[in-house]
Amino acid sequence: MSTGGRPRVLLMHPILDPGPSILAEAAEVVAYPPDRPLDEAGIRQAAEGCVGIVSQLMDPIRETVLSTPGLKCVSNVAVGFDNIDVAAATAHKVMVTNTPGVLDDTTADFAFTLLMSAARRIVEADSFTRSGQFRGWAIDMMLGHDIFGATLGIVGAGRIGRGVAHRAKGFNMRILYYDPQPLPREAEEQMGATRVDLGRLLAESDFVSIHVPLTKETYHLISSAAFNMMKPTAILINTSRGPVVDEAALVAALTAKKLAGAGLDVYEREPAVHPGLLPMPSVILAPHIASATVRTRSEMSAMAARNMATAVRGGRPPNLVNPEVKK
Ligand code: DGY
């Protein structure tokens, strides 16, 4: 568990300042196992003798890892924690923490950036201009889709979904939301959105933006049945988790012109991207960077480090996902 009396914490990947110094005050930091990304067996091996693991969303933290003797805490540097088997962690009395709150506005900004860029074909237009294809104004050149006054469907009305709605109000958008959990009336009014079922949201929206965590219930929530309900002029935005969308069905739907385009930051098998998406100019493909600003990534790093430092010192980390472990 420790050398020279100091507890050891495995830092799977670099994090930003001030994260490393917060960790180093609390523990001996074992930094970056070689040959990453590691599979479960590799992470288990690297974690031997450690009381904590600071993980990231590409690290599979499941039973093999969670049963490491002496392991007390896994601190994920992300708000999402679908890479961690929380039930197994709880069974092994391992605390799991995440980084909620600090990335909401940054992620909502990025969802809106994708929405606007896809609607107005900005990536395609930039390549067109750079490659010398702009040879003069034309009435039918690069026609896109209006944003102002359009209907936005938000799937998942958590903090990020509500943040996207907040931005959409400035564009006079009609906002629908789907969430199995209705918002309290006041929050709904503040969001300026109407709760509808998923079918109606898909059928009426010009833009559909996804903001749900990946769970058994949300896996392939958006599949071919969903695409069949969407407007052929609609655009799908996904900044949540890739497997919420059936990527093969998305490619088929775009090919059949059942929707007009997509703005994606996440993929079903990251970092792989479905090869069918690559040649499609109507799709914007970002490399999972919705939370990637200097301020936000630093705050995520600090928060994850503080969660771990608190756990190492025997306290209750502020962002505990499985509170039943630490009553
Ligand atoms: C998260 O935090 O879950 C994002 O996907 C990465 O910022």
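Relevant structure appears above.
Here's what I pulled together on the structure shown here. Treat the numbers as computed from the prediction; the structure is a model and nothing was measured.

### Let's talk about the site of the ligand
Move 1: Around the ligand, the structure places Leu57, Ala78, Val79, Gly80, Leu103, Arg241, His288, Ser291 and Met300.
Move 2: Here an oxygen atom of the ligand sits 2.7 Å away from a polar atom, N or O, in the side chain of Arg241.
Move 3: In isolation the ligand exposes 230 Å². Once the protein is present, 90% of that is buried.
Move 4: Across the shell around the ligand, the residue classes break down as five nonpolar, three polar and one charged.

### Brief notes about the pattern of salt bridges
Move 1: For the coordinates displayed, the defined rule picks out 13 salt bridges.
Move 2: Arg167 is the partner of Asp109 in a salt bridge, and the nearest nitrogen-oxygen pair spans 2.8 Å. Of this pair, Asp109 sits in helix H5 (residues 104–119) while Arg167 is found in helix H7 (residues 159–169), placing the two residues 58 residues apart along the sequence.
Move 3: On the basis of relative accessibility, which here comes to 41%, the residue Asp109 falls in the partly exposed class.

### Topic: unusual backbone geometry
Move 1: Geometrically, the link from Asp17 to Pro18 is a cis peptide bond, its omega value of 5° lying close to zero.
Move 2: Positive phi, close to 55°, is recorded for Met142, a residue that is not glycine.
Move 3: With respect to the helices, strands and loops of the structure, Met142 is situated in the loop between helix H6 (122–130) and strand E7 (151–155).
Move 4: The exposure class assigned to Met142 is partly exposed, which follows from its relative accessible area of 23%.

### Details of the packing of H5 against H7
Move 1: Two numbers describe how H5 lies on H7: the axes approach to 8 Å, and their chain directions differ by 55°. It follows that H5 is oblique to H7 by the angle criterion. Crossing handedness for the pair H5 and H7: right-handed. For the pair H5 and H7, the contacting residues are Asp104, Asp105, Thr107, Ala108, Asp109, Ala111 and Phe112 in the first and Arg159, Ile160, Gly163, Val164, Arg167 and Ala168 in the second.
Move 2: Looking at the contact of H5 with H7 residue by residue, the classes come out as six nonpolar, two polar and five charged.

### Considerations on the pairing of strand E5 (residues 73–76)
Move 1: Covered by surrounding structure in E5 are Cys73 and Ser75 together with Val74 and Asn76, the residues of both alternating faces.
Move 2: Relative to E5, strand E4 (residues 52–55) runs parallel, the two sharing four bridges. Counterpart to Val54 in the pairing with E5 is Ser75.
Move 3: Note that E5 and strand E6 (residues 95–97) share three bridges and pair parallel. Residue pairing for E6: Val74 is matched across the bridge by Val96.
Move 4: Traced from E5 through helix H4 (residues 86–91) to E6, the parallel crossover comes out right-handed.

Procedures and definitions
- Residues numbered from 1 in each chain as written.
- Predicted model: local features only at pLDDT ≥ 70, side-chain atom pairs only at ≥ 80, totals over all residues.
- Heavy atoms only, no water.
- Near = heavy atom within 4 Å.
- Polar contact = N/O pair within 3.5 Å; in protein donor to acceptor, adjacent residues only side chain to side chain.
- Areas by Shrake-Rupley, 256 points an atom, 1.4 Å probe, with all protein chains shown as cover.
- Nonpolar A, V, L, I, M, F, W, Y, C, P; charged D, E, K, R; others polar.
- Salt bridge = Lys/Arg side-chain N within 4 Å of Asp/Glu carboxyl O.
- Helix = DSSP H or I, 4+ residues; strand = E, 2+ residues; numbered from the N terminus.
- Buried < 20%, exposed > 50% of the residue type's maximum accessible area, 1.4 Å probe, protein only.
- Axes fitted to C-alpha atoms, helices over the stretch in contact; angles between N-to-C directions.
- Parallel < 35°, antiparallel > 145°, perpendicular 65-115°, else oblique.
- Left-handed = near helix turned anticlockwise from the far one by under 90°.
- Contact = heavy atoms within 4.5 Å.
- Pairing = 2+ DSSP bridges.
- Right-handed = clockwise from strand over helix to strand, strands pointing away.

Treat this as a map of the structure, not an account of what it does.
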